[in-house]
Amino acid sequence: MLGFVRDLGVDLGTVNTVVYVEGRGIVLNEPSVVAVDRETGHVLAVGSEAHRMLGRTPGNIVAARPLRGGVIADFTATATLLKMLLKRAVPQRLGLRPRMVVCVPSGVTTVERRAVIEAGYEAGARKVYLLEEPVAAALGAGLAIHEPGGHMVVDVGGGTTDIAVLSLGGVVVATSTRTGGDTFDEAIVRYVKRQYNVLIGERTAEQAKIAIGTAVPPEGDGERFEVRGRDLVTGLPRTLHLSAAEVQQALEEPLAALLAALRGALERVPPELAADILHRGLVLTGGGSLLRGLDRRIADATGLPVVRPEQPLLTVALGTGVALSRLDRLDGVLIAG
């Protein structure tokens, strides 16, 4: 027996959902994808199984991500996704109603917050708390955010990039931009369509980004990666060999938007905290932070040291675990539903 499950932490991400169970750590990390039968409304699969169906389903089945840009686009599908993933993560807790800390981007509206809270209650929580993603990332990275000193966190997720400066347990400056891993993928799709008149899928673009994507210009053309898509002129399948230089060129627009948001946040930081950040540097987390050269690109653009934790993909989820142990001491940053 695994024991009584009291509290859960959930990083409800655009790309992946990560579940943290108090006393056990991270128990689940699966894609935020739901496959539904259009005719009956029956959920056929969630998580990894549904992710394999993306772009490969017949007309009566739709496999999609119910979260877009870090917020809920389809409430019913999100609630179902959360409920089924939690049941998969902690099957022995059926009938129990734990407390739940759910992460949200720092720029979400009141309506979007309410949707997340309601999804948590639909999934079986007795109490739902919201925690902004950069705060969770700071806690997961082990930063002493309750001290009187400035800490800066940049969390590059799938749907958003969240930037925050924290001090004395509170958020001093926060901003969120709808630029993230998905935006990088879409930029690659647009580039290939514009340059070669070939349409590729977002999964193919993601594979190219992971294999040869870089935020800084490579030497020469760099490595090459084979992609397959549909020629928009002939309608026939076509194979291309993209270079790292081409992928870097495709990523310039979203990278420029990310850096502009970062500079905008730095311009609003009080001088004393700016001095702390210059000394300590900024912490770069999230799946998007794994893009090669992104830390160097940010360091060159801001003049700040950039630190990346050991597990950037899981830092936010680990932060929910820290928050679970400090529910009574995080009144300034936790939002109770």
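Residues numbered from 1 in each chain as written. Predicted model: local features only at pLDDT ≥ 70, side-chain atom pairs only at ≥ 80, totals over all residues. Heavy atoms only, no water.

Just so we agree on the cut-off: UniProt positions are given in the numbering used here, feature names are shortened, and annotations may be inferred rather than shown by experiment.
An unreviewed UniProt entry lists the protein under the name Cell shape-determining protein MreB, with Thermaerobacter marianensis as the source organism. Under the heading Sequence similarities (unreviewed entry), UniProt records this for the protein: "Belongs to the FtsA/MreB family." UniProt's Subunit (unreviewed entry) comment on the protein is quoted here verbatim: "Forms polymers."

### So, the domain arrangement of the protein
Put simply, the test is: Those domain boundaries reflect an automatic or database domain assignment. When two parts are brought into contact, each loses some accessible area as probed by a 1.4 Å sphere; the total of that loss over both is the buried area. Think of a polar contact as two N or O atoms within 3.5 Å of one another; within protein, one of them needs to be a possible hydrogen donor and the other a possible acceptor, and neighboring residues in sequence only count if both atoms come from side chains.
In terms of domain boundaries, the protein breaks down into domain 1 (8–135 + 316–336), domain 2 (144–179 + 255–310) and domain 3 (181–251). One C-alpha centre belongs to domain 2, the other to domain 3; they are set 28 Å apart. Summed over both sides, the interface between domain 2 and domain 3 buries roughly 1100 Å², with carbon and sulfur atoms accounting for 55% of that surface. Together, Leu255, Leu291 and Arg292 form the three largest contributors to the area buried by domain 2 at its contact with domain 3, with a combined 53%. Viewed at the interface, domain 3 and domain 2 are joined by 11 residue pairs in polar contact (both at pLDDT 80 or more).

### Quick notes on the pairing of strand β4 (residues 34–37)
Under the convention used in this document: Note on exposure labels: buried denotes an accessible area under 20% of the residue type's maximum, exposed denotes more than 50%, and partly exposed covers the range between, all computed with a 1.4 Å probe on protein chains only. Comment: elements are numbered from the N terminus, with helices defined as DSSP H or I runs of at least four residues and strands as E runs of at least two. The pairing criterion for strands is at least two bridges between them, as found by DSSP.
Alternating residues of β4 divide into Val34 and Val36 and Ala35 and Asp37, and every residue in both groups is buried. Here β4 runs beside strand β5 (residues 43–46); their pairing, made up of 3 bridges, is antiparallel. Each residue of the ladder has a partner; that of Val34, found in β5, is Val46. Counting the residues that bridge the hairpin from β4 to β5 gives 5 residues, and of these Gly41 lies at a positive phi of roughly 80°.

### Details of the sheet that holds strand β15 (residues 224–231)
We count it as follows: When checking whether two residues touch, look at their non-hydrogen atoms; a contact exists if any pair is within 4.5 Å. Interaxial angle, 0 to 180 degrees, is taken between N-to-C directions of lines fitted to C-alpha atoms, where a helix line uses only the stretch in contact.
Reading across from one edge, β14-β15-β16 is the order of the 3 strands in this open sheet, with antiparallel pairing throughout. This sheet does not close on itself; its edge strands, each paired only once, are β14 (198–199) and β16 (237–243). The sheet strands contacting helix α5 (residues 181–196) are β14 and β16, and the helix crosses β16 at an angle near 110°. The sheet contacts of helix α6 (residues 202–212) involve β15 and β16, and relative to β15 the element is tilted by about 165°.

### Points about the UniProt feature "binding site: ATP" (unreviewed entry) in the protein
Note the following rule: Definitions used for this entry: grid spacing 1 Å over protein atoms alone; cavity, a set of points where a 1.4 Å probe fits but cannot get out; pocket, an open set with protein on both sides within 12 Å along at least 5 of 7 lines; lining residue, one with an atom within 4 Å of a point.
When the UniProt feature table is mapped onto this chain numbering, "binding site: ATP" (unreviewed entry) sits at Gly158, Gly159, Thr160, Gly287, Gly288, Ser289 and Leu290. Checked against the lining of the largest pocket, the annotated residues reduce to Gly158, Gly159, Thr160, Gly287, Gly288 and Leu290. Relative to the helices and strands, Gly288 is located in the loop between β17 (282–285) and α10 (294–302). Ignoring sequence-local partners within four residues, the contact set of Gly288 consists of Val156, Phe184 and Leu294. One can find Ser289 in the loop between β17 and α10. Filtering out sequence-adjacent residues up to four positions away, Ser289 remains in contact with Val156, Leu284, Leu294, Arg308 and Pro312.

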